[in-house]
Amino acid sequence: MARKKIIAGNWKMNMTPSEAVALIETLKPLVATEDADVVFCVPAIDIIPAVEAAKGSNICIGAENMYFEEKGAFTGEISPSMLTDAGVKYVIIGHSERRQYFAETDETVNKKVLKAFEHGITPIICCGETLTQREQGVTIDFIRQQVKIALLGVSAEQAAKAVIAYEPIWAIGTGKVATTEQAQEVCAAVRACVAEIYDQATADAIRVQYGGSVSASSAPELFAQPDIDGGLVGGAALKPDFGKIVNYK
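Reading the values: rules and limits
- Residues numbered from 1 in each chain as written.
- Predicted model: local features only at pLDDT ≥ 70, side-chain atom pairs only at ≥ 80, totals over all residues.
- Heavy atoms only, no water.
- Helix = DSSP H or I, 4+ residues; strand = E, 2+ residues; numbered from the N terminus.
- Rg over C-alpha atoms; globule rule 2.2 N^0.38 Å.
- Buried < 20%, exposed > 50% of the residue type's maximum accessible area, 1.4 Å probe, protein only.
- Contact = heavy atoms within 4.5 Å.
- Polar contact = N/O pair within 3.5 Å; in protein donor to acceptor, adjacent residues only side chain to side chain.
- Core = buried A, V, L, I, M, F, W, Y, C linked by side-chain atoms within 4.5 Å.
- Arc of directions from axis to C-beta.

Caption draft 1: Inspection of the overall build of the protein at higher detail. Broken down by element type, the protein carries 12 helices and 8 strands. For 249 residues, the compact-globule formula gives about 18 Å, and the C-alpha radius of gyration of the protein, at 17 Å, lands near that figure. Reported as C-alpha extents along the three principal axes, the dimensions of the protein are approximately 45 × 45 × 35 Å. Residues classed as buried in the protein amount to 52% of the 249 residues present. Here the analysis covers contacts within the protein between residues at least 6 apart in sequence; of these, 74% occur between residues at least 24 apart.

Here you go:
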């Protein structure tokens, strides 16, 4: 069975609640499709108005982060039950910006992945290498390590429902896009790694996205690759152009 594409927008730290509602109203007719799952991962303060604005459309609302404890003295954090109660279906975990600026590690990513599954939230698990790592030829080794630790303790049944987003750090927000060959090579390596951990059926089911300066012009070629099941889109997700990325054919 062919995997359904999943195209997610990562809004990052953009859009006030009222701006979020206006953007969703603009994008609703532009992203209407049954051919792909469409997810808007929005800042925490935008989640409730975004869920309300997206009602009746094909848009799912996701979060950009989540803590791995149920509740407690964790000032400024958001728990998985808060997200599910607000109507969140997806959560981005381990984005390179979280790793770089907020000290996330492979181990905390794993804790969050396990907690997301516990609450029925689909994790979009991010992996990606720096320019130095690519130049030194260790990209695949590094990505495999990130994937293996992220999936520690995750069952095959859970892993089959997960999303893994490959985002080369050197291509995020830089306007540089990995070549189609580079993106396909790493996404195929991610799938092969999942097959090693579990089995081929799980690897065939898991969806692997490409992220990193995805645009309306680069999406058709990227998404046509056998191991690329859509994209995690940054800047372009805040514009009407996101509709063209979703309807890339």
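Caption draft 2: Inspection of the side chain of Gln 209 at higher detail. Mapped onto the elements of the fold, Gln 209 is located in strand β7 (residues 207–211). Since its relative accessible area comes to 0%, Gln 209 is described here as buried. Looking at Gln 209, its side chain comes within polar contact range of the main-chain oxygen of Ile 6, at 3.0 Å. Leaving out residues up to four positions away in the same chain, Gln 209 has contacts with Ile 6, Ile 7, Ala 8, Ile 124, Val 163, Ile 164, Ala 165, Tyr 166, Cys 187, Gly 230, Gly 231 and Leu 232.

Caption draft 3: The side chain of Thr 180, seen in detail. On the secondary structure map, Thr 180 appears in helix α9 (residues 180–197). Apart from the residues within four sequence positions on either side, Thr 180 is in contact with Glu 221, Leu 222 and Gln 225.

Caption draft 4: Summary view of the nonpolar core. Formed by 69 residues in total, the largest nonpolar core has its most connected members in Phe 40 and Phe 242. Top contributing element to this core by residue count: α9, with 7 residues. Contact partners of Phe 40, with chain neighbours within four places excluded, come to Gly 9, Trp 11, Ile 24, Leu 27, Ile 59, Cys 60, Ile 61, Gly 62 and Phe 242. Counting residues in hydrophobic clusters, the runner-up holds 11 residues, among them Ile 6, Ala 8, Ile 92 and Ile 124.

Caption draft 5: Up close: helix α2 (residues 47–54). Here α2 has its buried residues at Ile 47, Ala 50, Val 51, Ala 53 and Ala 54. The buried residues of α2 occupy an angular sector of 165 degrees when the element is viewed end-on, so they sit on one face. Facing away from the buried surface of α2 by more than 90 degrees, the exposed residues are Ile 48 and Glu 52. Contact partners of the buried residues in α2: α1 (17–27), β2 (36–42), β3 (59–63) and α3 (80–86). Count one or two residues on from α2 and you reach Gly 56, which has phi positive near 80 degrees.

As far as function goes, none of this settles anything; it's purely spatial.
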